[in-house]
Amino acid sequence: PMDLGTICKNLERGTKYRNSGDVYKDVQLVWENCRSYNQKGDPILELLARVKKNFTKYWTAAGLSTEKYQGFYPTVCFCILKFVVCSTFGAKKIM
């Protein structure tokens, strides 16, 4: 299992990810898990669509790669995840 909070903790620790592609892969796993474990029509899937859209927008704007061989900017990855989650949920501190 994977969730955005765990990804952020892994980024803070600096031990799991070697590049932005590794982070992106785990984020994609979060999306897949959400679709797999929730039924069509569940409000969580609507929320997923919003979070995924914002994540993709900011990930792309930051020039981060989805490929393993590209550079790695853990602080940027972390900030994007925190911003997307907090702005979507309207929370000041989620993770």
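Preceding this section is the structure that the text describes.
These figures come from a predicted structure and were not determined experimentally.

Observations concerning helix α3 (residues 43-61)
If you check α3, its first and last C-alpha atoms are 28 Å apart, about what 19 residues at 1.5 Å a residue would give, namely 27 Å. Of all the positions in α3, only L47, L48, V51, F55 and W59 are classed as buried. End-on view of α3: buried residues confined to an arc of 105°, all on one side of the axis. In α3, the exposed positions that point more than 90 degrees away from the buried face belong to E46, K53, K57, T60 and A61.

Structural notes on the packing of aromatic side chains
A complete count under the given rule lists 4 aromatic pairs for this structure. Note on W31 and F55: the rings are 5.8 Å apart at their centroids and 75° apart in plane angle, and the pair reads as edge-to-face. Taken together, the positions of W31 in helix α2 (residues 20-37) and F55 in helix α3 put the pair 24 residues apart, joining distant regions of the chain. Look at W31 and you get buried, because its relative accessible area is 2%. Taken together, Y24, W31, F55 and W59 form an aromatic cluster joined through their ring pairs.

Regarding the pattern of salt bridges
Two side chains with opposite charge may pair up if their charged atoms get near one another. Considering all chains together, one arrives at 1 salt bridge under this definition. For K16, the salt bridge identified is with D26, shortest N-O distance 2.8 Å. Of the two residues, K16 sits in the loop between α1 (4-13) and α2 while D26 sits in helix α2, which places them 10 residues apart along the sequence. A relative accessible area of 41% means that K16 is categorised as partly exposed.

Let's talk about the packing of α2 against α3
Direction vectors running N to C along α2 and α3 enclose 165°, while the axes themselves pass 10 Å from each other. By the angle between their directions, the pair α2 and α3 is classed as roughly antiparallel. In this structure, the crossing between α2 and α3 has a hand that is left-handed. Contacts from S20, V23, Y24, V27, Q28, W31, C34 and R35 of α2 reach α3 at I44, L45, L48, V51, K52, F55 and W59. The residue makeup of the contact of α2 with α3, split by class, is 11 nonpolar, 2 polar and 2 charged.

What counts as what
- Residue positions are given per chain, counting from 1 as you read along its sequence in written order.
- In keeping with the predicted nature of the model, local features appear solely for residues at pLDDT of at least 70, side-chain atom pairs appear and are counted solely at 80 or more, and the whole-chain, interface and lining totals rest on all residues.
- Excluding hydrogens and water, the side-chain figures rest on all heavy atoms present in the structure.
- Numbered from the N terminus, helices here are DSSP runs of H or I no shorter than four residues, and strands are runs of E no shorter than two.
- Under the convention used throughout, the expected extent of a helix is 1.5 Å for every residue step, that is, one less than its residue count.
- The buried label goes to any residue with under 20% of its type's maximum accessible area, the exposed label to any with over 50%, and the partly exposed label to all in between, with areas taken from a 1.4 Å probe on protein chains only.
- The arc in question is traced by the directions running from the helix axis to the C-beta atoms.
- A pair of Phe, Tyr and Trp rings is counted when the ring centres sit within 6.5 Å of each other, with Trp represented by its six-membered ring. The angle between the planes then sorts it: under 30 degrees is stacked, over 60 is edge-to-face, the rest tilted.
- Should a side-chain nitrogen of Lys or Arg be within 4 Å of a carboxyl oxygen of Asp or Glu, the pair is scored as a salt bridge.
- To get an axis, a line is fitted to the C-alpha atoms, and for a helix only the part in contact is used. The angle between two axes follows their N-to-C directions and goes from 0 to 180 degrees.
- Each angle receives one of four descriptions, namely roughly parallel if under 35 degrees, roughly antiparallel if over 145, roughly perpendicular if within 65 to 115, and oblique otherwise.
- Note: crossing handedness is left-handed where the near helix turns anticlockwise from the far helix by less than a right angle, and right-handed where it turns clockwise.
- The criterion used for residue contact is that any of the two residues' heavy atoms lie within 4.5 Å.
- In this classification, the charged set is Asp, Glu, Lys and Arg, the nonpolar set is Ala, Val, Leu, Ile, Met, Phe, Trp, Tyr, Cys and Pro, and all remaining amino acids, among them Gly, are polar.

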